[in-house]
Amino acid sequence: MAAEPVASPSSAAYWDEVGEAWTGGHADALWRAYCDRRNGALIARWMGRTTGRALKTDSFDEAVADGVYDVLRERATRVTAIDVSATILRAARARHGDLATALADVRRLPYADGAFDAVVSISTLDHFDSVDAIRLALGELARVLRSGGGLLVTLDNPMHPTVALRNRLPFDLLHRMGIVPYRVGATCGGAALRRLITAAGLDVRELTWVEHCPRWLAVRAGRKLGRPTPYAATFMRVLERFETLERLPLRSLTGHYVAAWAVKP
């Protein structure tokens, strides 16, 4: 990967550089495929069968892997993906030729009030420097949702032991060790996320924790297996079994992400 720039984890310059490194080919293809599968399952679970116009709040997933575009396209008449990085947007369009994209910051959206029927924000807002920035972004997402429209949002779960440890250790050290591939920002737990979404004027219908597999081990196992591989299906099945932990009382500790589905009154 290119030398790590000294920049905010939400800046365009930073994500342009990350995009150059990741869209040139990366060893985490199998792990990314698993993440796409889990995120796609969450969209299918909460968004239902059909919607109108959908907004995705970043394009990284679609730039470096299949992402969730196909799942969204099955449910939306039009899918628009934004990003602060022109590099990432170009890569996303190269993979998905009919994906509508726009260079935009989720905290200052160039769309009219009520422009979208659904918004999907998968680990986008947890790359900002502060909870205040998350609050601002949620306000914008609520603004561009029509009445009756839904917001799906996921953030790093600060209650998860590895996330808590990661957030307390120096990024440069973790990056050199290959543990953290790019910078992360502020986040919040389930109760705080519910309050922020409610303050933005949305009704939280469901809140849960997702991606319960041992992430560090799964990423490294995926790199060892590579892709394509005859063991890919088995790898996916093993990781999927960990998702049953969502049904248990300690799910707020085992899930790497906190996830919420909210509707605009």
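Not measured: the values here are computed from a predicted model. (Residues numbered from 1 in each chain as written. Predicted model: local features only at pLDDT ≥ 70, side-chain atom pairs only at ≥ 80, totals over all residues. Heavy atoms only, no water.)

(A) How the structure looks around the sheet that holds strand S3 (residues 100-103). Taking strand neighbours across the sheet as the criterion, the seven strands line up as S3-S2-S1-S4-S5-S7-S6 in an open arrangement whose pairing is mixed. A strand with exactly one partner marks an edge of an open sheet, and here the two such strands are S3 and strand S6 (203-210). Neighbour-to-neighbour, the strand axes of the sheet open up by a mean angle of 15°, direction not taken into account. Relative to strand S4 (residues 116-122), strand S1 (residues 53-56) is paired through three bridges, and the arrangement is parallel. Residue Lys56 lies in a different strand from S4, and its bridge partner there is Val120. (Pairing = 2+ DSSP bridges. Helix = DSSP H or I, 4+ residues; strand = E, 2+ residues; numbered from the N terminus. Axes fitted to C-alpha atoms, helices over the stretch in contact; angles between N-to-C directions.)

(B) The confidence of the model for the protein, seen in detail. Taken residue by residue, the protein gives an average pLDDT of 91. The fraction at 70 or more is 94%. Scored below 50 in pLDDT, residues 1-7 shows 17 contacts in the model against residues more than four places distant or in partner chains. (pLDDT = per-residue confidence, 0-100. Contact = heavy atoms within 4.5 Å.)

(C) View of the layout of surface pockets. Estimated volume of the largest pocket: approximately 970 Å³. What lines the largest pocket is a set of 47 residues, among which His127, Tyr182, Val184, Arg215 and Tyr257 lie closest to the centre. When residues of the lining of the largest pocket are assigned to their parent elements, the largest contribution, five residues, is made by helix H10 (residues 215-225). Class assignment for the residues of the lining of the largest pocket results in 24 nonpolar, 10 polar and 13 charged. (1 Å grid on protein atoms, 1.4 Å probe; cavity = no way out; pocket = protein on both sides within 12 Å on 5 of 7 lines; lining within 4 Å. Points joined across faces, edges and corners; volume = space filled by probe spheres on them. Nonpolar A, V, L, I, M, F, W, Y, C, P; charged D, E, K, R; others polar.)

(D) Broad picture of the nonpolar core. In this structure, Trp15, Val18, Ile43, Met47, Phe60, Leu72 and Tyr182 are the most contacted members of the largest nonpolar core, which totals 36 residues. In terms of nonpolar packing, the next biggest core, distinct from the first, is built from 33 residues, Ala102, Val144, Leu145 and Trp209 among them. (Core = buried A, V, L, I, M, F, W, Y, C linked by side-chain atoms within 4.5 Å. Buried < 20%, exposed > 50% of the residue type's maximum accessible area, 1.4 Å probe, protein only.)

(E) Spotlight on unusual backbone geometry. A positive phi angle is found at Ser123, which is not glycine, with a value near 50°. Of note in the backbone geometry, Glu211 takes a positive phi value of approximately 65° without being a glycine. If you trace the backbone, Glu211 turns up in the loop between S6 and H10.

(F) Representation of the environment of Arg247 in the model. Of note, Arg247 is situated in the loop between helix H11 (232-241) and helix H12 (251-254). Arg247 sits 38 residues away from Trp209 along the chain, and the two C-alpha atoms are 9.6 Å apart.

(G) Highlighting the side chain of Thr124. In this fold, Thr124 is placed in the loop between S4 and helix H6 (131-144). The buried category is assigned to Thr124, whose relative accessible area is 11%. Dropping the residues within four chain positions of it, Thr124 is found in contact with Thr57, Asp58 and Thr154.

(H) Layout of the pairing of S1. One ladder, built from four bridges, connects S1 with strand S2 (residues 78-83); its direction is parallel. Its bridge partner lying in S2, Lys56 is registered against Ala81.

(I) Structural view of the pattern of salt bridges. With the rule as written, the count across this model stands at 19 salt bridges. One salt bridge connects Arg45 with Glu246, and the closest N-O pair in it is separated by 2.8 Å. With Arg45 in helix H2 (residues 29-47) and Glu246 in the loop between H11 and H12, this pair connects stretches of sequence that are 201 residues apart. The structure contains a network of salt bridges with shared partners spanning Arg32, Lys56, Asp58, Asp61 and Glu62. (Salt bridge = Lys/Arg side-chain N within 4 Å of Asp/Glu carboxyl O.)

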